[in-house]
Amino acid sequence: MKATLENKWLSLLFYVLVFFLFREWLLPVMELTETNYLNVFLVFIGMCFLLSLFHVKGWISAPLKILYIAWVLIYIYAETMLFSAPAIQFLIMDFTTNVQALVTQDWNSVTDSFRTVLFFALIWMTTYLIHHWISIRLNIFLFFFMTVVFIAALDTFSPYAGDKAIVRVMIIGLLLSGLLKIAQLFKKNEVGLPRSTYGALIVPLILLISLSGALGYLLPKAGPVWEDPVPFIQSFAEGAGGGPGGDGVIGKIGYDEDDSRLGGAFAGDNTVVFEAVVRTPQYWKIETKDTYTSRGWEQSIGSDQRRNYTVGDPIETDYPPNREEENLEASLVFSTPYPFIMQPYGTDVVTADGDTTFTQDVNTQKINTFQQNEEVELTNYRVTFSEPTYSLTALREVTTESLANVPAEFDRYLQLPENLPERVGELAASITADETRLYDKVKEIERYFAQNSFIYDQRNVSVPAAGKDYVDEFLFETKRGYCDNFSSSMVVLLRSLDIPARWVKGFAEGEEIGRQDGSRIFEVTNNNAHSWVEAYLPGVGWMPFEPTIGFSGAGNIDFDVEFDSTEAPEPVTPEQADKPNAAPKEKKESISERFSEILKDAVSWISDNKVKILIWTAVGLAVIALLYRIRKRWMPKLLVPYYRLRKENWNSFEQSYHHLLKQLALYGIERRDGQTLKTYAKYVDSFFGSNDMRDLTKAYENGFYGGNIDKHEWAKLRESWEYLINRTSG
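Residues numbered from 1 in each chain as written. Predicted model: local features only at pLDDT ≥ 70, side-chain atom pairs only at ≥ 80, totals over all residues. Heavy atoms only, no water.

**Side note on the sheet that holds strand β19 (residues 519–525)**
Working step 1: Strand order in this open sheet of six strands is β9-β13-β8-β3-β19-β18, and the pairing throughout is antiparallel. Of all strands in the sheet, those bounded by a partner on one side alone are β9 (347–351) and β18 (511–516). Each strand of the sheet is rotated relative to its neighbour by a mean of 25 degrees, with strand direction disregarded.
Working step 2: Bridge analysis of strand β3 (residues 272–278) against strand β8 (residues 328–334) gives four bridges, and the strand direction is antiparallel. Of the residues in β8, the one forming a bridge with E275 is V333. (Pairing = 2+ DSSP bridges. Helix = DSSP H or I, 4+ residues; strand = E, 2+ residues; numbered from the N terminus. Axes fitted to C-alpha atoms, helices over the stretch in contact; angles between N-to-C directions.)

Dropping the structure here:
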């Protein structure tokens, strides 16, 4: 047997192994795209490999593959017989539609069937490359390496679990690479490869790889040495990341009652929830939660404390309306109704059509809507409110000592998990170390995130691993997240200082889309779902705070600025800018943030110039293909000056001699299997009418076999080499 794999049993073994390696590419693709036709594509791969194994001519194999693809399209999309009139009509119409879409660049009109054809074409080209790697080069390492990288990337950045897949890939890939390496060695040395000899060589290889793979899979694994790099790397990985609740799925943004597991990416959603006609922008509060679990938020006390109201009744909240100010009215019209009220701060009366009643959960502040004792989703209602007013004088009088007078009923707003890392409390203390007033401490924590390189990001957000704290990871490791990260962190930092605080959910103000009778119309979508913070200051009451970068604040709350006559009129007001020494920090950008901005600009540029990029890519590939096809003409023009610049020694001569052999093969003077170099040199010289190839070969054999690598006439050898290689460019 020759080492060119003419024996079909050995080729079949290689194709079987590479088939299972290729299968590892399809499994995650089918799972992530929810495609149910894995076997259809596996059959096509098997067909391609069998046709390559038996060296079926292209004019036979190509029509067979095209016929199979046509059958798949008809089977999946037309659900009719292959050679029936409806099937032919479907193929013609589908072809016409997609050609028209490509010509007009109407990418949205490209059909799913055409995308399937492109996927088959990709598989077709890949199997051709694999055939070349197996039959000609006897080296599958590149495909093996790409498979490992592919599975590892999917396991890191997508919901696909690649732990078992990577073990299969390593076993199959190492086994296949080892078997091909054995065949490569036999081919290089032109030694016959009988089945018994090859079998004796591969049995130890199979046993060794199988044993090491089994041990690697079964033995216990140590934890990672480095921190999880995904949150940083994911700053340019679009669509990757774990989903909400840690289930590995990218969630859709919007209001959700379950906050027990926070973290992961969110996909934007512009679905309109409601339109609000109101004079000033408002935060629309829904509920609060009091128990932080290291993973998310829950409510410690059930809904046993309730207040019932009817239309027109004043509603009691922790933010009583300012009766001295003019009442405002918000008119809400819902596209996506909910069975509860969107509350602006200072809510007083809710007016709705029909026999509507309201039930307020005192513990969560949530107000549910009912009609005839059944929960109902109102499509429109009006809320009368008056925004709270806070006296700065009263705020400045609240000191840390006043926390001792907080009633016991507020203890649930001081709750922290027992396993909260100590560094969280230490951070809170360091942030507020220079402040003595309670209000100033709260404001320092609110401003902390904007001053310390935190990044607002909805897509590239990690899900804490088991045993890790959600807030701790955000504060000290990732520094990247959305409102849930910022608001949860502020609540925990405040509670670490024994300041009562709670987590608030609802919607931000939305986008202004028009004016109506002196009021402004705001459109609130699922993208405006939001969370923020409420802190309790003794003697003042609850106050909303907004730590999330890029958001203006919870409501449009007025501050009644009053000063004692004995004090200088330069207090730190809530509207005052951050401390001067913090300004450089606001402008400072982290390396990851700058890198992320550069990548976003690059993606934007690619999106704006995708047509030009496709055209120039096609032109570039065509030029590369043309240059590769005529390489025998221009390659000598590069090799001659290259070797003239190199030092005349054995290494340069050996490499130039091998380049000459390749160039002669491209020219059409190929060396036959089993032909010695001396016989081949005579054949080359007879073709060109010279003795140059024999001189070069004699020098090569003296050096390679005889060890004579110094005593050569390098100038004469180079002259002979240049003569021959220049002749091959004609």
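**Some thoughts on the packing of aromatic side chains**
Working step 1: Here the structure, examined in full by the defined rule, presents 54 aromatic pairs.
Working step 2: For the ring pair F653 and Y657, a centre distance of 6.3 Å and an interplane angle of 35 degrees mean the geometry is tilted. Placement of the pair is F653 and Y657 together in helix α19 (residues 650–667), with a separation of four residues, close to one helical turn. Here F653 and Y657 have matching classes, each one buried.
Working step 3: Among the aromatic residues, ring-to-ring pairing joins Y255, F274, W284, F334, Y338, F340, Y381 and F507 into one connected group.
Working step 4: In this structure, R502 is placed above the aromatic ring of W542, and the distance from its NZ or CZ to the ring centre is 3.9 Å. (Phe/Tyr/Trp six-rings, centres within 6.5 Å; stacked < 30°, edge-to-face > 60°. Buried < 20%, exposed > 50% of the residue type's maximum accessible area, 1.4 Å probe, protein only. Lys NZ or Arg CZ within 6 Å of the ring centre and 35° of its normal.)

**What to know about α19**
For an α-helix, the turn length of 3.6 residues means that residues three or four places apart are oriented alike.
Working step 1: When the terminal C-alpha atoms of α19 are compared, their 25 Å separation across 18 residues agrees well with the 26 Å that a helix rising 1.5 Å per residue should span.
Working step 2: Along α19, the residues classified as buried are W650, S652, F653, S656, Y657, L660, L661, Q663 and L664.
Working step 3: Looking at the buried residues of α19, the elements they touch are α18 (631–645), α20 (677–688), α21 (692–704) and α22 (714–727).
Working step 4: Between the side-chain oxygen at the start of α19 and the backbone nitrogen of N651 there is a gap of 3.3 Å, and the oxygen is on N649.
Working step 5: G668 lies just past α19 and shows a positive phi near 120 degrees. (Expected span 1.5 Å × (residues − 1). Contact = heavy atoms within 4.5 Å. Polar contact = N/O pair within 3.5 Å; in protein donor to acceptor, adjacent residues only side chain to side chain.)

**Let's talk about the pairing of strand β20 (residues 529–537)**
Working step 1: Across the nine residues that make up β20, a large majority, nine, are buried.
Working step 2: With burial as the criterion, each face of β20 is covered, one bearing A529, S531, V533, A535 and L537 and the other bearing H530, W532, E534 and Y536.
Working step 3: Inspection of the sheet shows strand β17 (residues 501–507) paired to β20 by seven bridges, in the antiparallel sense. Looking at β20, one finds that V504 is bridged to W532.
Working step 4: Here five bridges tie β20 to strand β21 (residues 541–545), and the two strands are oriented antiparallel to one another.

**Points about a nonpolar patch on the surface**
Working step 1: A surface patch of nonpolar side chains, about 460 Å² in accessible area, is lined by L12, V16, F20, L50 and F54.
Working step 2: The greatest single-element share of the nonpolar patch, amounting to three residues, is contributed by helix α1 (residues 8–32).
Working step 3: Of note, L12 is situated in helix α1.
Working step 4: Taking the relative accessible area as the measure of exposure, L12 reaches 41% and is therefore partly exposed. (Patch = residues over 30% accessible without salt bridge, like charges linked within 9 Å, V, L, I, M, F, W, Y side chains within 5 Å. Areas by Shrake-Rupley, 256 points an atom, 1.4 Å probe, with all protein chains shown as cover. Salt bridge = Lys/Arg side-chain N within 4 Å of Asp/Glu carboxyl O.)

**Considerations on the packing of helix α3 (residues 58–78) against helix α5 (residues 112–137)**
Working step 1: Between α3 and α5, the shortest axis-to-axis distance is 11 Å and the interhelical angle comes to 145 degrees. Of the two possible hands of crossing, α3 and α5 adopt the one that is right-handed. Within the contact between the two elements, α3 uses A62, K65, I66, Y68, I69, V72, L73 and Y77 and α5 uses D112, S113, T116, V117, F120 and W124.
Working step 2: For the contact of α3 with α5, the class distribution of residues is ten nonpolar, two polar and two charged. (Left-handed = near helix turned anticlockwise from the far one by under 90°. Nonpolar A, V, L, I, M, F, W, Y, C, P; charged D, E, K, R; others polar.)

**Considering the sheet that holds strand β10 (residues 356–361)**
Working step 1: Judged by pairing direction, the sheet is antiparallel, and its four strands sit side by side in the order β7-β10-β11-β12 without closing on themselves. Two strands lie at the open edges of the sheet, namely β7 (306–310) and β12 (374–375), each paired on one side alone.
Working step 2: Summarising the sheet, β10 and strand β11 (residues 367–371) pair through five bridges and their orientation is antiparallel. By the bridge assignment for β11, T359 is matched with N368.

**Here's the deal with unusual backbone geometry**
Working step 1: One non-glycine residue, S294, lies in positive phi territory at about 80 degrees.
Working step 2: Position of S294 among the secondary structure elements: in the loop between β5 (291–292) and β6 (297–298).
Working step 3: If you check the backbone angles, N373 has positive phi at about 65 degrees while not being a glycine.
Working step 4: Within the secondary structure, N373 sits in the loop between β11 and β12.
Working step 5: Residue classification places N373 among the exposed positions, given a relative accessible area of 78%.

By themselves, these observations are geometric and do not establish any function.
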